[in-house]
Amino acid sequence: MNSKLQIKNVTLADKDLKSGLFQYIMTLGDGSRARLFYSSTPEWKLTGVTRMLNVPCPLCRKDYYCGCFEKNADLFERQITDQDLIPASLRG
């Protein structure tokens, strides 16, 4: 696992219970942040990852939008699931 992509914490940013959409802010160990988009219908799953431009990308070092976080969405979802970073109480 890439040590640059270790999730430090995840916090709820927004939720729409009617449509089943949730947004979380993920912070990585190096201070990088990203927005995680989840859908709860028909089942709970990660639908998108967007890096926030607070620091350059930890992988490619670009300070503008790149696709690195989107390419590693499976890694993020696995970490969130394995470490229970989004407990059921925050899922709506």
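Structural data are supplied above this passage.
Residues numbered from 1 in each chain as written. Predicted model: local features only at pLDDT ≥ 70, side-chain atom pairs only at ≥ 80, totals over all residues. Heavy atoms only, no water.

A. View of the environment of Ala73. With respect to the secondary-structure elements, Ala73 resides in helix α2 (residues 73–82). Using a relative accessible area of 16% as the deciding quantity, one classes Ala73 as buried. Residues Ala73 and Val49 lie 24 residues apart in sequence; the distance between their C-alpha atoms is 6.5 Å. Ignoring anything within four residues of it in the chain, the contact list for Ala73 reads Leu46 and Val49. (Helix = DSSP H or I, 4+ residues; strand = E, 2+ residues; numbered from the N terminus. Buried < 20%, exposed > 50% of the residue type's maximum accessible area, 1.4 Å probe, protein only. Contact = heavy atoms within 4.5 Å.)

B. Focus on the sheet that holds strand β4 (residues 45–51). Here 4 strands make up an open sheet; going across it, the order is β1-β2-β3-β4 and the pairing antiparallel. Either end of the sheet is taken by a strand with one partner, and the two such strands are β1 (7–16) and β4. Adjacent strand axes in the sheet meet at a mean angle of 25°, parallel and antiparallel pairs treated alike. Pairing analysis gives 7 bridges linking strand β2 (residues 21–28) to strand β3 (residues 33–39), with the strands arranged antiparallel. From the neighbouring strand, Phe22 faces β3, where its bridge partner is Tyr38. (Pairing = 2+ DSSP bridges. Axes fitted to C-alpha atoms, helices over the stretch in contact; angles between N-to-C directions.)

C. Examining the side chain of Arg51 more closely. Relative to the helices and strands, Arg51 is located in strand β4. Look at Arg51: it is buried, it has no salt bridge, and the nearest opposite charge is Asp63 at 7.0 Å. Of note is the side chain of Arg51, whose polar atom sits 2.4 Å from the backbone oxygen of Tyr64. Once you skip the residues sitting within four places of it in the chain, Arg51 turns out to touch Arg33, Ala34, Pro56, Cys57, Lys62, Asp63, Tyr64, Tyr65, Cys66 and Phe69. (Lys, Arg positive; Asp, Glu negative; His and termini not counted. Salt bridge = Lys/Arg side-chain N within 4 Å of Asp/Glu carboxyl O. Polar contact = N/O pair within 3.5 Å; in protein donor to acceptor, adjacent residues only side chain to side chain.)

D. Representation of the pairing of β1 within the structure. In the sheet, β1 pairs with β2 via 8 bridges, with the strands oriented antiparallel. When the bridges of β2 are listed, Val10 appears paired with Met26. Between the antiparallel neighbours β1 and β2 lie 4 residues, among them Gly20 with a positive phi of about 80°.

E. Spotlight on the nonpolar core. In this structure, Val10, Met26, Leu36 and Phe69 are the most contacted members of the largest nonpolar core, which totals 22 residues. Residue assignment for this core shows that the elements contributing at least two residues are β1, β2, β3, β4, α1 (68–71) and α2. (Core = buried A, V, L, I, M, F, W, Y, C linked by side-chain atoms within 4.5 Å.)

F. Layout of the packing of aromatic side chains. Across all of its chains, the model carries 5 aromatic pairs by this definition. Centroid distance Tyr24 to Tyr38: 5.8 Å. Interplanar angle 90°. Geometry classified as edge-to-face. You can see Tyr24 sitting in strand β2 and its partner Tyr38 sitting in strand β3, a full 14 residues away along the chain. The same class applies to Tyr24 and to Tyr38, which are both buried. (Phe/Tyr/Trp six-rings, centres within 6.5 Å; stacked < 30°, edge-to-face > 60°.)

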